[in-house]
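# Results of the structural survey
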Amino acid sequence: MSVAEKAQEAQSVRNGWLLSTPALIILTLFAVGPLMIVVVYSFLAPGQYGNVEWKLSLDGWRGILWTKDIFDDTYGLADANVTIFWRSVKLSILTTLLTFAVGFPTAWFIATRPAKSRALWLFLITIPFWTNLLIRTYAINEVIRNEGLLNTVLIKLGVISEPLRIIYTDTAVFIGMAYVYLPLMVLPLFAAIDRFDMKLLEAGYDLYASRMQVLRRVILPIVKPGIIAGSILVFVPSLGAYVTPRVLGGGKQMMIGNFIDLQFGQGRNWPLGAALSLTLLIIVTGALLIYVKYANRDVSNGH
Amino acid sequence: MTKDTAVEARNAVKAFGQGDTAVRALDDVSIEIRKGEFFTLLGPSGCGKTTLLRLIAGFEMPTSGTILLDGQDITYLPPNKRPVNTVFQSYALFPHLTVAQNIGFGLEMQGRPRAEVKATVDRMLALVKLEALASRKTSQLSGGQQQRVALARALAPSPKVLLLDEPLSALDLKLRREMQGELKRLQTETGITFIFVTHDQEEALTMSDRIGVMSAGKLQQVGTPREIYTRPLNRFVASFIGETNFMPATSNGSTLTLAGGYKMPAPPATKSGAVTVTVRPEQVKLTHTPEPGSLPATVRGVVYMGTDMNYQLHLADGTEIEACVVSDVTGEAALQAGQTVGVTFTPGAAQVLED
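Residues numbered from 1 in each chain as written. Chains lettered and ligands numbered in written order. Predicted model: local features only at pLDDT ≥ 70, side-chain atom pairs only at ≥ 80, totals over all residues. Heavy atoms only, no water.

## Remarks on the overall build of chain B
Just so we agree on the cut-off: Helical segments are the DSSP runs of H or I of at least four residues, strand segments are the runs of E of at least two, and each set is numbered from the N terminus. Accessibility here uses a 1.4 Å probe with only protein chains present; expressed as a share of the type maximum, an area under 20% marks a residue as buried, one over 50% as exposed, and anything in between as partly exposed. Throughout, a residue-residue contact means that at least one pair of heavy atoms, one from each residue, lies within 4.5 Å. Using a 1.4 Å probe, the Shrake-Rupley method yields the accessible areas, and only the shown protein chains count as cover for residues. Counted charges follow a simple rule, with Lys and Arg positive, Asp and Glu negative, and His plus the chain ends left uncounted. By convention, the point assigned to a charge is CZ for Arg, NZ for Lys, CD for Glu and CG for Asp.
Of the regular secondary structure elements, chain B holds eight helices and 20 strands. In chain B, buried positions account for 51% of the 355 residues. A fraction of 65% describes how many contacts in chain B between residues 6 or more apart in sequence connect residues 24 or more apart. With an accessible surface of roughly 15800 Å², chain B has 52% of that area assigned to carbon and sulfur atoms. Averaging the locations of the 35 positively and 36 negatively charged side chains of chain B gives two centres separated by 7 Å.

## Quick look at a nonpolar patch on the surface
All names here are of chain A. Worth spelling out the cut-off: Think of a patch as exposed residues, more than 30% relative accessible area, with no salt bridge, where like charges cluster within 9 Å and nonpolar side chains (Val, Leu, Ile, Met, Phe, Trp, Tyr) cluster within 5 Å. Criterion for a salt bridge: a side-chain nitrogen of Lys or Arg within 4 Å of a carboxyl oxygen of Asp or Glu.
On the surface, a nonpolar cluster with roughly 770 Å² of combined accessible area is contributed by Phe109, Leu120, Trp121, Phe123, Leu124, Ile127, Phe129 and Trp130. It is helix α4 (residues 115-126) that provides the largest number of residues to the nonpolar patch, a total of four residues. One can find Leu120 in helix α4.

## Some words on the sheet that holds strand β1 (residues 5-16) of chain B
Residues and elements named next belong to chain B. For clarity, the cut-off: A pair of strands is treated as paired once DSSP finds two or more bridges between them.
Judged by pairing direction, the sheet is antiparallel, and its four strands sit side by side in the order β2-β1-β4-β5 without closing on themselves. Looking along the sheet, the strands with just one partner apiece sit at the ends: β2 (23-34) and β5 (72-73). Examined bridge by bridge, β1 and strand β4 (residues 64-69) share five bridges and lie antiparallel to one another. Note on β4: the bridge partner recorded for Glu8 is Leu68.

## A look at the packing of helix α3 (residues 79-111) of chain A against α4(A)
Residue and element names in this part refer to chain A. We apply this condition: Orientation is described by lines fitted to C-alpha atoms, with helices fitted over the stretch in contact, and by angles between N-to-C directions that extend from 0 to 180 degrees. For classification purposes, angles smaller than 35 degrees are called roughly parallel, those larger than 145 roughly antiparallel, those between 65 and 115 roughly perpendicular, and all remaining angles oblique. Nonpolar residues are Ala, Val, Leu, Ile, Met, Phe, Trp, Tyr, Cys and Pro. Charged residues are Asp, Glu, Lys and Arg, and all others, Gly as well, are polar.
Running from amino to carboxyl end, α3 crosses α4 at an angle of 150°, the nearest separation of the two axes being 9 Å. By the angle between their directions, the pair α3 and α4 is classed as roughly antiparallel. Contact residues: Thr106, Phe109, Ile110 and Ala111 in α3; Arg118, Trp121, Leu122 and Ile125 in α4. Class assignment of the residues belonging to the contact of α3 with α4 gives a composition of six nonpolar, one polar and one charged.

## Here we look at the pairing of β4(B)
Residues and elements named next belong to chain B. Pairing of β4 with β5, which is carried by two bridges, proceeds in the antiparallel orientation. The residue bridging Leu68 from the neighbouring strand is Asp73, located in β5. Where β4 folds back on β5, the antiparallel hairpin that results is connected by two residues, among which Asp70 adopts a positive phi of roughly 55°.

## Digging into the sheet that holds strand β12 (residues 255-258) of chain B
All names here are of chain B. With antiparallel pairing, the five strands of this open sheet are ordered in space as β13-β12-β11-β14-β20. The open sheet has two edge strands, β13 (263-265) and β20 (351-352), and neither has a second partner. Bridging between strand β14 (residues 273-279) and β20 involves two bridges; their strand directions are antiparallel. Within β20, the residue paired with Thr278 across the bridge is Gln351.

## Details of the nonpolar core
The test is simple: Definition used in this section: a nonpolar core is a set of buried Ala, Val, Leu, Ile, Met, Phe, Trp, Tyr and Cys residues joined via side-chain atoms within 4.5 Å.
Ranked by internal contacts, the top residues of the largest apolar core, which has 65 residues, are Leu52(B) and Ile195(B). Among the elements that make up this core, the one with the highest residue count is helix α7 (residues 170-195) of chain A (eleven residues). Apart from the residues within four sequence positions on either side, Ile195(B) is in contact with Val7(B), Ile33(B), Phe39(B), Leu41(B), Leu53(B), Ile56(B), Val161(B), Leu162(B), Leu163(B) and Leu164(B). Of all hydrophobic cores here, the second largest spans 35 residues; its members include Leu107(B), Leu141(B), Leu168(B) and Leu183(B).

And the structure:
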């Protein structure tokens with residue numbers, strides 16, 4: 001390599017850095033920066049009226065799962081926190097499963113419509129996004145509350161005599177989240193099914209596969225990237241959901257999001273809030289890593 | 001239906017749409033396909049040949065009529081219950097499976113034991129010469145290789161009938177020629193009945209034991225390639241397969257008289273009156289000067305085609321015909337445009353059309 005070529009290469013490397021500077025600045029300011037603040041705060045002691053005291057402490061992290069006994073200062077497992085974590089994970093998994101169960105037939109239906117009406121169906125799917133999340137959640141509240149639409153209709157029809165108690169339960173949060181996140185499942189599934197070659201269905205039937213076998217052995221493996229994308233898009237925000245459990249869980253059926261909010265508000269325990277936020281981040285990253293590994297395994301299988 | 005009939009369609013009708021706007025893709029088609037034969041359904045696109053194939057495969061149900069396989073009514077049997085496999089035009093290989101997994105798919109779905117599946121897959125891989133690619137994904141294969149996988153996959157469960165829906169149309173000419181030979185070899189080796197759909201008349205003539213020519217949802221003629229080529233029943237069959245000339249003539253039952261007084265013997269059982277006669281260009285003989293008993297004609301155009309010379313001729317009554325003559329080396333024997341020549345036809349080459 002000549003000197004001129006070396007100089008030219010060095011110049012192009014410099015140019016590369018120069019061109020990526022704006023992106024790097026934005027990433028530092030808005031992603032890495034705030035995250036570092038959260039990390040630092042999680043290792044400090046809580047201040048009297050919120051905020052933090054600049055004093056190294058592991059109490060924030062310890063508080064995630066353990067609680068200090070008020071009488072003898074020993075640490076015990078914080079049952080309430082475990083319950084909140086478990087509820088968050090459980091409801092998020094259930095939400096992902098329900099949105100898939102409802103979203104898959106929906107996406108299939110849209111993808112198999114004629115090209116003209118397909119755009120209309122997709123448009124209808126996105127309509128809920130036009131309304132504020134809070135308003136939509138209150139609408140769900142209106143449907144499922146004791147004197148709400150659902151109970152009124154069921155009682156009028158004579159199906160039940162006492163109103164079903166759904167509001168302010170896990171079920172209410174579950175229904176609400178499934179409703180809110182359904183489009184996030186439908187859209188990637190639609191994209192995957194839209195690319196699916198319908199001739200493969202005939203090929204499957206032709207080769208002695210039953211309908212169920214065609215679904216399991218042909219359709220699902222091929223649209224799997226869409227299933228994974230949809231599941232991530234639903235599972236991740238479900239885990240950190242705040243508004244839905246707040247409105248439909250009635251403050252008692254807390255999820256991680258509400259628990260974090262509590263620490264920065266009434267709880268006046270910012271380090272615990274920061275540590276909880278990071279825990280959420282770790283859970284989500286872990287879940288994503290598992291997904292990615294699972295997704296890659298099958299793709300590389302055939303080589 | 002005889003004992004050696006593999007597939008039979010009886011008065012099969014398939015209409016798409018409702019009421020007055022309904023289109024009859026298949027209009028009362030009855031056909032018998034024999035066991036172990038290479039049968040080709042030939043016709044232009046939209047003639048109903050693929051619809052007939054899909055009725056046999058079970059992807060569609062006929063509006064009326066019956067489909068029989070080995071004498072059993074399979075009209076409403078779903079495709080996964082029919083011992084019939086299809087090679088699709090687009091191949092429709094499973095992209096998430098390897099070559100070997102694709103080939104073994106049908107056997108697995110039939111619930112055959114693992115060892116048997118593996119043995120059959122290996123045998124099929126050898127049959128289509130793809131042993132080296134067994135563990136490749138199908139997306140990594142060339143068109144010709146994908147074609148072979150599609151064939152092996154459809155042959156693996158040893159179907160009673162193999163349906164091939166224009167399987168060669170996506171290949172280039174050289175590969176297509178190669179695959180034509182390959183298909184014929186596979187059919188002979190396996191002894192399975194092949195029903196092959198194509199719009200390519202050359203493909204049909206070179207590969208088939210028998211051909212069914214279709215047009216506008218109807219079966220026009222069924223016969224061996226030679227019968228179809230030399231004895232077309234009607235104008236559609238005559239013009240769809242190869243080049244041909246049509247000439248008006250009058251018949252008295254035993255002799256055909258063309259305009260200009262040219263006489264030739266009529267084929268047996270020719271009706272009397274005005275008829276249309278067809279003669280292939282290569283059966284048209286030319287002499288440099290109109291001799292007695294020949295039909296005078298004027299050369300309008302001369303096209304050198306390598307092996308052949310193609311002449312456009314005008315008969316005295318204005319009918320245009322074509323003659324195809326094997327070229328001579330020097331070109332000295334070639335006729336010139338504007339020249340008046342004598343036309344005769346190879347005895348027995350003339351065919352009288354039904355319509």
